[in-house]
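Commentary on secondary and tertiary structure
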Amino acid sequence: MKQKDVIIIGGGAAGFFAAINIAVQNPELTIAILEKGKEGLQKVKISGGGRCNVTHAEFIPQELVLNYPRGEKELLGPFHKFMTGDTIAWFEERGVALKIEEDGRMFPESNTSQTIIDCFLNETKKHQVEVLYSQTVKSILKDGDAWSIITQAEEFSAKKILVATGSSPKMWKLLETLDHKIIQPVPSLFTFNINDKRIKDIPGVVAQNVEIQVVGTSLFSEGPLLITHVGMSAPSILKLSAFGALELAALDYKFTIEINFIKMALEDCLEALKGLKLDLAKKSVLKAPQFDLPKRLWQQLVLASKITEETRWADLNKNQLEALAAQLTKAHFNVDGKSTFKDEFVTAGGIDLKEVNFKTFESKLHKNLYFAGEIINIDAITGGFNFQNAWTGAYIASQHISK
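Residues numbered from 1 in each chain as written. Predicted model: local features only at pLDDT ≥ 70, side-chain atom pairs only at ≥ 80, totals over all residues. Heavy atoms only, no water.

Regular strands place side chains that alternate from one sheet face to the opposite one. The pairing of strand β7 (residues 137-143) with strand β8 (residues 146-151) spans six bridges and is antiparallel. By the bridge assignment, Lys-142 is partnered in β8 with Trp-147. The turn linking β7 back onto β8 is made up of two residues, and Gly-144 within it adopts a positive phi angle of 65°. (Pairing = 2+ DSSP bridges. Helix = DSSP H or I, 4+ residues; strand = E, 2+ residues; numbered from the N terminus.)

If you want it as C-alpha cells, here you go:
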C-alpha cells in the first residue's frame, strides 16, 4: 500500500490547482494525483477552442455569482477569498500572462491551452507532486483516521483526500456509498435543435442582440443569437440552457421559444414600419433590411410575413405590416431536442450543496474529505466561469488541507 499525506482524485483543472497550492503552502506533505486517463487536463486542453478560457474579467463577487445557475448563493463567500484577480496574479507569478477579450473572456496571451498545461506540469514537478495516470478508483473507504483508496492497479492510504473528478457518474456512485446525496445530473450548456423554414438556409447568420423567452415559463435571456445547421446557438441560447437546465430536461427538450429580434415592443415596431412605408415607399421591402438585422435573416422574416419579393413598402397592407411586426418582435420557433455545445460538456448535478462546507470545501459528513470543481452541484454559463469555480474551490480547500 502506498502511503501519502494527501491524495487528489482527478487530474483535471481543480485537481492540479489544489495539489500545487497544497505543495506550495506546506512543502513537507507528500501529495499524489490519481488520474484515470493516460493523460490529465483534457478539459483544459479543449476549452475555448483549444485556447483555454481561464476565467472572466468580472471583479465584483456579487456580479460574478450571477453567472452560476446552481451555486450562486454558496460561492459568494468563497469569491471574497479567491476570485478573478487572484487567478490572474497566480498565473502571472508563474510566467503566464492572461489577456481580456472584448466579451470579457480571459485567455493566455499565447492563445494556446498548452501554456496552462505546461505551467501545471512544471509546477507539479517543481514541488514534487506525484502524478499517476491510468488509475481508475474502484473504492474509497474510511480506515480509522485515514482514507483507503483502491484503484484497478494498486492501493493507497492518505490522511486527507480531495475529489475533483468533474461530472463523473462513477465517482458520484462511490460517494453515495459514503452517504453523500447526489443531485441527479442533467445537461447544461447546450444548443437548440430547430427545424424551421425561416432559418433552414441561413446557417452562420448572427443577430447581435435579441430577447428570448421560453413560452409558458419565466425563462428569459438576451444577447447574440447564432443560426446553425441544426438550429440556434450563441450566448443567448446557452444562457437559457444553463439557467433552464432542470425545466428544459423536464420538458424532454420539446418546447417553444419566442424571439424578439429587435428588442422593441410590437406596437412600437408597427409604428416604425408605418413610418418606413412612407419613407421608403418605392423600395422593395425584401431588399431593404431594417433595424440593423442581417440581410438574410430580414429576408426570411419578410417572406414569412406573406410579403413577396416584388412588394414595395408603399404596397404593404395592414395584415402584412402586422405580420412583419410579429415576426420581428414575437417570432415563435419550436425546439425539438438539443445538441452538445462544442466539446465543453457541462452538467447540472452532483454533490448536494447542503453537504459541503463552503468555508473549507470539506464534506460536512466526513472529516478530511474535500471537493472542488464540477463534482459539486455547481455549474456556470460559458465564458470562463466554470474554471473560476474550479480555481476558487481548489485554492480554499488547499489552504485547509495544507494546515
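Having put the structure on the table, let's press on.
With respect to burial, strand β1 (residues 2-9) is a largely interior element, six of its eight residues being buried. Pairing of β1 with strand β2 (residues 31-34) involves four bridges; the strand directions are parallel. Each residue of the ladder has a partner; that of Ile-7, found in β2, is Ala-32. Assessed by its sense of winding, the connection that carries the chain from β1 through helix α1 (residues 13-25) to β2 is right-handed. (Buried < 20%, exposed > 50% of the residue type's maximum accessible area, 1.4 Å probe, protein only. Right-handed = clockwise from strand over helix to strand, strands pointing away.)

With that settled, consider the pattern of salt bridges. Where charged atoms from two side chains of opposite charge come close, those side chains can pair. This structure, assessed with the given rule, holds 22 salt bridges. The partner of Asp-379 in a salt bridge is Arg-70, with the nearest N and O atoms 2.6 Å apart. On the criterion of sequence distance, the pair formed by Asp-379 in the loop between β21 (369-371) and α14 (385-401) and Arg-70 in the loop between α3 (61-64) and α4 (72-81) is long-range, its members being 309 residues apart. Classification of Asp-379 by relative accessible area gives buried; the value is 0%. Accessibility expressed as a relative area gives 12% for Arg-70, which makes it buried. Measuring nitrogen to oxygen at the nearest pair gives 3.9 Å for the salt bridge that ties Asp-252 to Lys-254. Connected through salt bridges with shared partners, the residues Arg-51, Lys-99, Glu-101, Asp-103 and Arg-105 form a single ionic network. (Salt bridge = Lys/Arg side-chain N within 4 Å of Asp/Glu carboxyl O.)

For the rest of this paragraph, the subject is the packing of helix α12 (residues 295-304) against helix α13 (residues 318-329). Put simply, α12 and α13 touch, their axes get as near as 8 Å, and they point 135° apart. Between α12 and α13, the interaxial angle falls into the category oblique. Seen along the crossing, α12 lies across α13 with a hand that is right-handed. Seen from α12, the contacting residues are Trp-298, Leu-301, Val-302 and Ala-304; seen from α13, they are Leu-324, Gln-327 and Leu-328. Taken together, the residues of the contact of α12 with α13 break down into six nonpolar, one polar and no charged. (Axes fitted to C-alpha atoms, helices over the stretch in contact; angles between N-to-C directions. Parallel < 35°, antiparallel > 145°, perpendicular 65-115°, else oblique. Left-handed = near helix turned anticlockwise from the far one by under 90°. Contact = heavy atoms within 4.5 Å. Nonpolar A, V, L, I, M, F, W, Y, C, P; charged D, E, K, R; others polar.)

This next bit is on the sheet that holds strand β5 (residues 105-108). The sheet built from three strands is open, its strands ordered β3-β5-β4 with antiparallel pairing. Each end of this open sheet is capped by a strand with a single partner; those strands are β3 (55-56) and β4 (98-100).

Read from one edge to the other, the open sheet built from seven strands follows the order β16-β15-β12-β13-β14-β11-β17, with strand pairing classed as antiparallel. Either end of the sheet is taken by a strand with one partner, and the two such strands are β16 (331-336) and β17 (338-340). On average, each strand axis in the sheet is tilted by 40° relative to the strand beside it, whichever way the strands run. Alignment of strand β11 (residues 190-193) against strand β14 (residues 231-233), held across two bridges, turns out to be antiparallel. Bridging from a neighbouring strand, Asn-193 pairs with Gly-231 of β14. Contacting β15 (254-260) and β16, α13 runs over the sheet at an angle of about 110° to β15.

Bringing the packing of aromatic side chains into the picture now. The tally for this structure, following the rule as stated, stands at 21 aromatic pairs. Between Phe-16 and Phe-120, the aromatic rings sit 6.2 Å apart at their centres with planes inclined by 15°, giving stacked as the arrangement. Taken together, the positions of Phe-16 in helix α1 and Phe-120 in helix α6 (residues 114-126) put the pair 104 residues apart, joining distant regions of the chain. Residue classification places Phe-16 among the buried residues on the basis of a relative accessible area of 0%. On the basis of an interplanar angle of 65° and a centroid distance of 6.0 Å, the ring pair of Trp-90 and Phe-120 is categorised as edge-to-face. On the criterion of sequence distance, the pair formed by Trp-90 in helix α5 (residues 84-93) and Phe-120 in helix α6 is long-range, its members being 30 residues apart. With a relative accessible area of 0%, Phe-120 lands in the buried category. Through a chain of ring-to-ring contacts, the aromatic side chains of Phe-16, Phe-17, Phe-82, Trp-90, Phe-91, Phe-120, Phe-387, Trp-391 and Tyr-395 assemble into a single cluster. Sitting above the plane of the Trp-90 ring, Arg-94 keeps its charged end 3.9 Å from the centroid. (Phe/Tyr/Trp six-rings, centres within 6.5 Å; stacked < 30°, edge-to-face > 60°. Lys NZ or Arg CZ within 6 Å of the ring centre and 35° of its normal.)

Relative orientation of the contacting elements α1 and α6 amounts to 35°, with a least axis distance of 10 Å. Crossing of α1 over α6 shows left-handed handedness. Along the contact surface, α1 presents Phe-16, Phe-17 and Ile-20, while α6 presents Phe-120, Leu-121, Glu-123 and Thr-124. Among the residues forming the contact of α1 with α6, the class breakdown is five nonpolar, one polar and one charged.

So, about the nonpolar core. Across soluble globular proteins, nonpolar side chains have a tendency to be buried as a group. One finds Phe-91 and Phe-120 to be the most contacted residues of the largest nonpolar core, which totals 84 residues. Aside from chain neighbours lying at most four places away, what touches Phe-91 is Val-54, Val-96, Leu-98, Ile-116, Cys-119, Phe-120 and Trp-391. Grouped together as the second largest cluster of nonpolar side chains are 46 residues, Ile-194, Leu-219, Phe-261 and Leu-276 included. (Core = buried A, V, L, I, M, F, W, Y, C linked by side-chain atoms within 4.5 Å.)

The analysis is restricted to geometry; functional conclusions fall outside its scope.
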